[in-house]
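Geometric and topological summary
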Amino acid sequence: MDFQIHNQHPTIKNVIMSVQQRQGLLSKLAKEFVRLPGIGQKTSQRLAFHIMKVDKEEALRLADAIRDVKEFVVFCEQCRNIAESELCDICQDPERDRTKILVVEEPSTLHAIDQSRGYKGLYHVLMGSLSPLDGVGPSDIRAQELEARVRDGGVQEVIVATNPTIEGEATAIYLTKLLKPYGVKVSRIAYGIPVGMDIEYADDVTLTKSIEGRREL
Ligand SMILES: [Zn+2]
């Protein structure tokens, strides 16, 4: 029997082509997912298959939400928090203490801190941290913008809340040297034992940091 699919059964050929194309589209989606932070190969494939399985309406709602965020949400010109206009809600809030600026690496950290409601000052998002090995220097984070805010006056204290990593610590040291000449107080938040946790279960870095960050009682 002679199967000349290409010549005699164009419809079968089309179906085969189309399955291959569809698989290609699916792996294209998976490749986009794997670019997201915290998503590995397996999860990206699971997500791509999930999108394929759900209703068209539900999947397009996700696509619309992504498009809306990119079209209508911008970064605050002053602090780089997410905003819907030139300045974010926090920078526009007259109730905020403008003598304090709390510095974080990412907007997500700003939100975590602000939701805790323990801080009522302003913020500054660096959009990263110093990492010479990865080629990230002072001009790649928003350090100059922070310096300009301090230079403009009115700021009395800069609280550095970069992550307790080598990069975060290097950034904190750099910012301290950068801002001290302006006569502002530069402080580092204390990293310590989580409330409710037994001290014996804390890791070495947490223990060291909690002792370093001790304050007088
Ligand atoms: Zn802002």
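Sequence order as written defines residue numbering, which begins from 1 separately in each chain. Where local features are concerned, this predicted model is filtered to residues with pLDDT of at least 70; where side-chain atom pairs are given and counted, the filter is 80 or more; whole-chain, interface and lining totals use all residues.

1. Remarks on unusual backbone geometry
Peptide bonds are, in most cases, trans, and in most cases residues other than glycine have a negative phi. In this structure, Arg-80 takes a positive phi of about 70 degrees despite not being glycine. On the neighbour-count criterion, Arg-80 (21 C-beta atoms within 10 Å) is buried. Phi angles above zero are rare outside glycine, and Met-127 is one such case at about 60 degrees. Labels follow a simple rule on C-beta atoms placed from the backbone: if 20 or more others lie within 10 Å of a residue's own, it is buried; if 12 or fewer, it is exposed; otherwise it is partly exposed. With 14 C-beta atoms counted inside 10 Å, the residue Met-127 sits in the partly exposed group.

2. Focus: the nonpolar core
A set of buried residues drawn from Ala, Val, Leu, Ile, Met, Phe, Trp, Tyr and Cys, joined through C-beta atoms within 7 Å, is what defines a nonpolar core. If you look at the biggest cluster of nonpolar residues, it comprises 25 residues, and the most contacted ones within it are Ile-101, Val-103, Val-104, Tyr-123 and Val-158. A helix here means a DSSP run of H or I that spans at least four residues, while a strand means a run of E at least two residues long, and both kinds are numbered starting from the N terminus. Secondary-structure elements contributing two or more residues to this core are strand E3 (97–104), strand E4 (121–125), helix H7 (143–151), strand E5 (157–160) and helix H8 (166–179). Counting residues per element, this core draws most heavily on E3, at four residues. What counts as a contact is two residues whose backbone-derived C-beta atoms lie within 7 Å of each other. Beyond its immediate chain neighbours, meaning those up to four positions away, Ile-101 contacts Gly-121, Leu-122, Tyr-123, His-124, Arg-149, Val-155 and Val-158.

3. A few points about the domain arrangement of the protein
Here the protein is described as being made up of domain 1 (5–54) and domain 2 (95–212). For the domain bounds, the source is a domain assignment made automatically or taken from a database. The C-alpha centroid of domain 2 is placed 43 Å from the C-alpha centroid of domain 1.

4. Some remarks on the sheet that holds E3
By way of backbone hydrogen bonds, the strands of a sheet pair with one another, either parallel or antiparallel. In short, DSSP must find at least two bridges between two strands for them to pair. Taken in spatial order, the four strands of this open sheet run E4-E3-E5-E6, and their pairing is parallel. Looking along the sheet, the strands with just one partner apiece sit at the ends: E4 and strand E6 (185–188). Going across the sheet, the axis of each strand differs from the next one's by a mean of 25 degrees, ignoring polarity. The pairing of E5 with E6 spans four bridges and is parallel. Counted as the bridge partner of Ile-159 is Ser-187 from E6. Geometry is summarised by axes, namely lines fitted to C-alpha atoms with helices restricted to the contacting stretch, and by angles between N-to-C directions that run from 0 to 180 degrees. On top of the sheet, helix H6 (residues 107–115) reaches E3 and E4; it is set at about 125 degrees to E3, its chief contact. Its contacts with the sheet put H8 on E3, E5 and E6, and the angle it makes with E6 is roughly 170 degrees.

5. Focus on the packing of H7 against H8
Where H7 contacts H8, the two axes come as close as 10 Å, and the packing angle between them is 35 degrees. Considering only the axes of H7 and H8, their crossing is right-handed. Contacts from Ala-143, Glu-147 and Val-150 in H7 reach Leu-175, Leu-178 and Leu-179 in H8. Residues that form the contact of H7 with H8 fall into these classes: five nonpolar, no polar and one charged. Crossings are classed by handedness, with left-handed meaning an anticlockwise turn of the near helix from the far one by less than a right angle and right-handed meaning a clockwise turn. We call Asp, Glu, Lys and Arg charged. Ala, Val, Leu, Ile, Met, Phe, Trp, Tyr, Cys and Pro are nonpolar, and the rest, Gly among them, are polar.

6. Focus on the pairing of E3
Relative to E4, E3 runs parallel, the two being bridged by five bridges. Opposite Val-104, over in E4, you have Val-125 as the bridge partner. A crossover gets the label right-handed when its path from the first strand over the helix to the second runs clockwise, viewed with the strands pointing away from the viewer. Assessed by its sense of winding, the connection that carries the chain from E3 through H6 to E4 is right-handed. Pairing geometry for E3 and E5, over four bridges, is parallel. Among the inter-strand pairings, Leu-102 is bridged to a residue of E5, identified as Ile-159.

7. Digging into the environment of Leu-102
If you trace the backbone, Leu-102 turns up in strand E3. On the basis of neighbour count, Leu-102 is assigned to the buried category, with 22 C-beta atoms found within 10 Å. Once the C-alpha coordinates of Leu-102 and Gly-121 are considered, the two residues, 19 residues apart in sequence, prove to be 7.2 Å apart. When sequence neighbours within four positions are dropped, the list of residues in contact with Leu-102 reads Ile-113, Tyr-119, Gly-121, Tyr-123, Ile-159 and Ala-161.

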